[in-house]
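Observations on the three-dimensional arrangement
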Amino acid sequence: MTGGPERVILAVHVPGLDGLCVGCRAWWSRLAPYPCWQVEWATSRQARASVARFLGGVR
Ligand SMILES: [Zn+2]
């Protein structure tokens, strides 16, 4: 289970109507295509076990 920053990140960093990350624009005034690197990070944190297996084959 997670209760860390990744939950907050996933709640804020959502795709906007224009395909850009809403969280990055609201928090940092940055225009980042979704999924941004923070979403990638949070997602990997939440599914660490399966991601470890995934990364082993892709990277
Ligand atoms: Zn973002």
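Throughout what follows, the structure given in this document is the object of discussion. (Residues numbered from 1 in each chain as written. Predicted model: local features only at pLDDT ≥ 70, side-chain atom pairs only at ≥ 80, totals over all residues.)

Time to look at the nonpolar core. Cys21, Cys24, Cys36, Val39 and Ala42 together form the largest nonpolar core, which totals five residues. Beyond its immediate chain neighbours, meaning those up to four positions away, cysteine 24 contacts His13, Arg30, Ala32 and Cys36. (Core = buried A, V, L, I, M, F, W, Y, C linked by C-beta atoms within 7 Å. Buried ≥ 20, exposed ≤ 12 C-beta atoms within 10 Å, placed from the backbone. Contact = placed C-beta atoms within 7 Å.)

A cis amide bond, omega 0 degrees, links tyrosine 34 with the succeeding residue proline 35. Turning to its location among the elements, proline 35 is positioned in the loop between α2 (22-28) and α3 (37-46). Of note, serine 29 is a non-glycine position whose phi angle comes to about 55 degrees, a positive value. Mapped onto the elements of the fold, serine 29 is located in the loop between α2 and α3. Among the residues examined, serine 29 registers 7 C-beta atoms within 10 Å and is labelled exposed. (Helix = DSSP H or I, 4+ residues; strand = E, 2+ residues; numbered from the N terminus.)

Next up on the list: the packing of helix α1 (residues 5-12) against α3. Each packed pair of helices is defined by two parameters, the angle between the axes and the distance between the axes. At a minimum axis separation of 9 Å, α1 and α3 run at an interaxial angle of 135 degrees. Looking at the two axes, α1 sits oblique to α3. Judged by the twist between their axes, the crossing of α1 over α3 is left-handed. Each of Glu6, Ile9 and Leu10 in α1 lies in contact with α3, whose residues at this interface are Gln38, Val39, Ala42, Arg45 and Gln46. Class assignment of the residues belonging to the contact of α1 with α3 gives a composition of four nonpolar, two polar and two charged. (Axes fitted to C-alpha atoms, helices over the stretch in contact; angles between N-to-C directions. Parallel < 35°, antiparallel > 145°, perpendicular 65-115°, else oblique. Left-handed = near helix turned anticlockwise from the far one by under 90°. Nonpolar A, V, L, I, M, F, W, Y, C, P; charged D, E, K, R; others polar.)

Mapped onto the secondary structure, alanine 32 falls in the loop between α2 and α3. Expressed as a C-alpha distance, the spacing of alanine 32 and valine 22, which sit 10 residues apart in the sequence, is 8.5 Å. Leaving out residues up to four positions away in the same chain, alanine 32 has contacts with Leu20, Cys21 and Cys24.

We now examine α3. What α3 keeps buried is the set Gln38, Val39 and Ala42. Buried residues along α3 cover an arc of 100 degrees about the axis, so they all sit on one side. Counted as exposed and oriented over 90 degrees from the buried face of α3: Trp37 and Glu40. Where the residues of α3 are buried, they touch α1. (Arc of directions from axis to C-beta.)

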